[in-house]
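What follows is the residue order along each chain.
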Amino acid sequence: MVKDGNVTWVVTESSQMGPMGSMSDEATIDKGTLLLRRRVIHQGPAVVDVAFADNKATGKMTMNGQEKPITADLGGVLFADGAGANDVVAALPLAEGYTTTFRNFDIMSQQVRPRQLKVIGSESVTVPAGTFDAWKVAITPADGGNGESTTLWVDKASRRVVKSSTVIPAMNGAIATAELTK
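An account of the accompanying structure is given in this report.

Parameters at a glance
- Residues numbered from 1 in each chain as written.
- Predicted model: local features only at pLDDT ≥ 70, side-chain atom pairs only at ≥ 80, totals over all residues.
- Heavy atoms only, no water.
- Helix = DSSP H or I, 4+ residues; strand = E, 2+ residues; numbered from the N terminus.
- Rg over C-alpha atoms; globule rule 2.2 N^0.38 Å.
- Buried < 20%, exposed > 50% of the residue type's maximum accessible area, 1.4 Å probe, protein only.
- Contact = heavy atoms within 4.5 Å.
- Areas by Shrake-Rupley, 256 points an atom, 1.4 Å probe, with all protein chains shown as cover.
- Pairing = 2+ DSSP bridges.
- Axes fitted to C-alpha atoms, helices over the stretch in contact; angles between N-to-C directions.
- Salt bridge = Lys/Arg side-chain N within 4 Å of Asp/Glu carboxyl O.
- Core = buried A, V, L, I, M, F, W, Y, C linked by side-chain atoms within 4.5 Å.

Per the secondary structure count, the protein includes one helix and 13 strands. A globule of 182 residues ought to have a C-alpha radius of gyration of about 16 Å, and the protein, at 16 Å, matches this closely. Projected onto the principal axes, the alpha-carbon positions of the protein cover approximately 50 × 35 × 35 Å. Sorting the 182 residues of the protein into buried and exposed places 38% on the buried side. Taking as baseline every contact in the protein between residues at least 6 positions apart, the subset at least 24 positions apart corresponds to 31%. By element, 52% of the accessible surface of the protein is carried by carbon and sulfur atoms, the whole surface being about 9,900 Å².

Listed below in structure tokens is the structure:
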């Protein structure tokens, strides 16, 4: 769900992930720059509320009434992180050979995670919503580590993500796949 504000969009994504339960992630994204300004995450008894400004992350994580502060120097701005991240990537000038590096923030470790984005080709992809001529985009840890990696298929005509596949090492390499249905 996207709420259109004066200078920001507030994007909320919700999911049900088996034994991990339900989760919601709300991201406030600056319209002019597409940079992340705030994230609020609800998962079970945990609530995370963190703001991003002046290359810093500040906020708190609350669980069962106990608070843990979040404070980190980001070394730069965050991009394509949290709810709406795939839509932000789809807005980039994707083309054959396009590549860029950007920062994400791992809330649990309070560490910056550099990400490498690369358009790895053009591909026809069929999902329940139809068949699309798409850019195939790989997003991997920029440091070569074994963090989460995602493949996106972005429809060239509409610039919508029509399929995503994410490998989650923290869940023993589970693969989360989403496809456009309408």
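Read across the sheet, six strands follow the order E8-E9-E10-E11-E12-E13 without closing on themselves; strand pairing throughout is antiparallel. Every interior strand has two partners, whereas the edge strands, strand E8 (99-106) and strand E13 (174-179), have only one. If you compare each strand with its neighbour and ignore which way they point, the axes differ by 25° on average. As judged from the six bridges shared by strand E11 (residues 149-155) and strand E12 (residues 161-168), these two strands associate in the antiparallel manner. Each bridged residue has a counterpart across the sheet, and for Thr-150 the counterpart in E12 is Thr-166.

Residues of strand E5 (residues 46-53) alternate between two faces, with Ala-46, Val-48, Val-50 and Phe-52 buried on one and Val-47, Asp-49, Ala-51 and Ala-53 left unburied on the opposite face. Pairing of strand E4 (residues 36-43) with E5 involves six bridges; the strand directions are antiparallel. When the sheet's bridge partners are listed, Gln-43 is paired in E5 with Ala-46. Counting the residues that bridge the hairpin from E4 to E5 gives two residues, and of these Gly-44 lies at a positive phi of roughly 55°.

Side chains carrying opposite charge are able to pair once their charged atoms draw close together. Within the structure shown, the criterion is met by ten salt bridges. Between Asp-25 and Arg-39 there is a salt bridge, with the nearest N and O atoms lying 2.5 Å from each other. Pair noted here: Asp-25 is in strand E3 (residues 22-30) and Arg-39 is in strand E4, with a separation of 14 residues, a long-range link. By sharing partners, the salt bridges in this structure join Asp-25, Arg-39 and Asp-81 into a single network.

Residues Phe-52, Leu-94, Phe-105, Ile-107, Leu-117 and Val-137 are the most contacted members of the largest nonpolar core, which totals 35 residues. Per element, the largest residue contribution to this core is four residues, and it comes from helix H1 (residues 85-90). If we skip the residues at most four places from it in the chain, Phe-52 touches Leu-36, Arg-37, Arg-38, Arg-39, Ala-57, Leu-74, Leu-78 and Phe-105. Counting seven residues, the second largest nonpolar core, distinct from the first, contains Val-127, Phe-132, Ala-134 and Trp-153.

Judged from the eight bridges that link them, E8 and strand E9 (residues 111-127) form a sheet pairing that is antiparallel. Within E9, the position partnered with Phe-102 by the bridge is Arg-115.

So far we have only geometry, and geometry alone does not tell us how the molecule works.
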